[in-house]
Amino acid sequence: MSATAAERGREARQRLLGVAAELIAERGWSAVSTRMLAERAGVAPGVVHYHFASVQALLAEAALGVMRALIEQLGAGLEQAHTPDEALKLMVGFLKDYDGRDPTSLLFAETYLAAGRDEGLRRSLGEVVAEFRRRLADRLAEHGLAAPEATAAVLAAAIDGIMLHRALGPGPDAADLTTVLDRLITPAGFGRPSARERTADTP
């Protein structure tokens with residue numbers, strides 16, 4: 001049975017969103033054009049503007065969609081963490097797939113840069129970041145951590161920053177990063193073995 005016009009329209013729209021995310025990482029936000037999007041998606045240029053008010057609107061929806069999906073994945077993992085240590089290890093482990101030059105890292109960097117020049121995108125991106133901070137803060141509060149909102153903000157910024165800095169050169173490895181960030185969630189933890197030492201002691 002052939003697809004209906006509505007189904008074809010939804011498929012074209014989703015294809016354009018996927019292509020937009022790819023092109024942001026490959027070409028950079030400001031270099032993406034209607035023609036590039038249409039050619040990569042295999043549609044006529046008019047289809048781009050039929051589904052989206054502008055190229056900028058398409059890029060924003062595509063980028064924010066990728067970010068929301070990743071944050072939802074990380075947030076779902078945090079809900080399974082039974083201790084602050086487990087939550088921290090999950091966040092640090094999340095970085096292993098991103099070296100700063102992979103498509104997702106580049107998309108994040110391009111979106112942050114574009115948000116500095118687009119007030120609507122800045123607000124939408126701020127809402128995405130705030131939602132992740134809230135979910136992390138809720139988990140930290142459940143474990144009795146003091147100042148959970150401030151701690152969540154610092155942890156989120158640290159993870160974000162490490163991901164972006166990896167494009168410039170190697171960052172701290174997982175054990176060293178965990179040791180440093182562990183001090184944020186373990187006020188009395190300075191006398192405890194480091195994350196590297198705890199790993200080494202594990203049979």
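That block above? That's the structure.
The numbers attached to residues start from 1 for each chain and follow its sequence in the written order. Local features in a predicted model are, by the rule used here, given only for residues with pLDDT of at least 70; side-chain atom pairs are given and counted only at 80 or more, and totals for whole chains, interfaces and linings are based on all residues. Water and hydrogen atoms were dropped before computing side-chain values, which therefore reflect all heavy atoms in the structure.

(A) Spatial organisation of the overall build of the protein chain. Each helix and strand in the protein chain was counted, giving ten helices and zero strands. Ordering the α and β elements of the protein chain from the N terminus gives α-α-α-α-α-α-α-α-α-α. Its C-alpha atoms put the protein chain at 65 × 40 × 35 Å along the principal axes. For every residue, the accessible area obtained with a 1.4 Å probe (protein chains only) is divided by the maximum for its type, and the residue is called buried under 20%, exposed over 50%, and partly exposed between those limits. Across the 203 residues that make up the protein chain, the buried fraction comes to 39%. Throughout, a residue-residue contact means that at least one pair of heavy atoms, one from each residue, lies within 4.5 Å. Residue pairs at least 24 apart in sequence account for 62% of intrachain contacts in the protein chain once pairs closer than 6 positions are excluded. Of the roughly 11,300 Å² of accessible surface on the protein chain, 56% is carried by carbon and sulfur atoms. Counting from the N terminus, the helices are the DSSP runs of H or I reaching at least four residues and the strands are the DSSP runs of E reaching at least two. Computed by Shrake-Rupley with a 1.4 Å probe, the accessible areas treat only the displayed protein chains as cover when residues are assessed.

(B) Region of the structure containing the pattern of salt bridges. By definition, a salt bridge exists where a carboxyl oxygen of Asp or Glu is found within 4 Å of a side-chain nitrogen of Lys or Arg. Applying the stated criterion across every chain, the model contains twelve salt bridges. Note that E72 is salt-bridged to R135, the shortest N-O span being 2.7 Å. With E72 in helix α4 (residues 55–78) and R135 in helix α7 (residues 119–142), this pair connects stretches of sequence that are 63 residues apart. With a relative accessible area of 12%, R135 lands in the buried category. Connected through shared salt-bridge partners, E22, E26 and R40 make up one network.

(C) Region of the structure containing the nonpolar core. Only buried Ala, Val, Leu, Ile, Met, Phe, Trp, Tyr and Cys residues count toward a nonpolar core, and they belong to the same one when joined by side-chain atoms within 4.5 Å. The biggest cluster of nonpolar side chains holds 57 residues, and the ones touching the most others in it are L16, W29, L37, L58, F132, L136 and L155. Broken down by secondary-structure element, the contributors of at least two residues to this core are α1 (5–27), α2 (34–41), α4, α5 (84–94), α6 (103–115), α7, α8 (148–165) and α9 (174–185). Residue contacts for L58: discarding those within four places in its chain leaves L16, L17, A20, L37, V48 and F52.

(D) A look at the packing of α5 against α9. Lines fitted to C-alpha atoms define the axes, with helix axes restricted to the stretch in contact, and inter-axis angles between N-to-C directions lie between 0 and 180 degrees. Packing of α5 against α9 brings their axes to within 10 Å, and their N-to-C directions diverge by 140 degrees. Compared by their axis directions, α5 and α9 come out oblique. Considering how the two elements wind past one another, α5 and α9 form a crossing that is right-handed. In this structure, α5 uses P84, D85, L88 and V92 to contact α9, whose residues at the interface are A174, L177, T178, L181, D182 and I185. Polar here means any residue outside two lists: the nonpolar Ala, Val, Leu, Ile, Met, Phe, Trp, Tyr, Cys and Pro, and the charged Asp, Glu, Lys and Arg; Gly therefore counts as polar. Per-class residue counts for the contact of α5 with α9 are seven nonpolar, one polar and two charged. Under this scheme an angle from 65 to 115 degrees is roughly perpendicular, one under 35 degrees roughly parallel, and one over 145 degrees roughly antiparallel; angles in between are oblique. Crossings are classed by handedness, with left-handed meaning an anticlockwise turn of the near helix from the far one by less than a right angle and right-handed meaning a clockwise turn.

It is worth stressing that arrangement in space is one thing and function is another; only the former is reported here.
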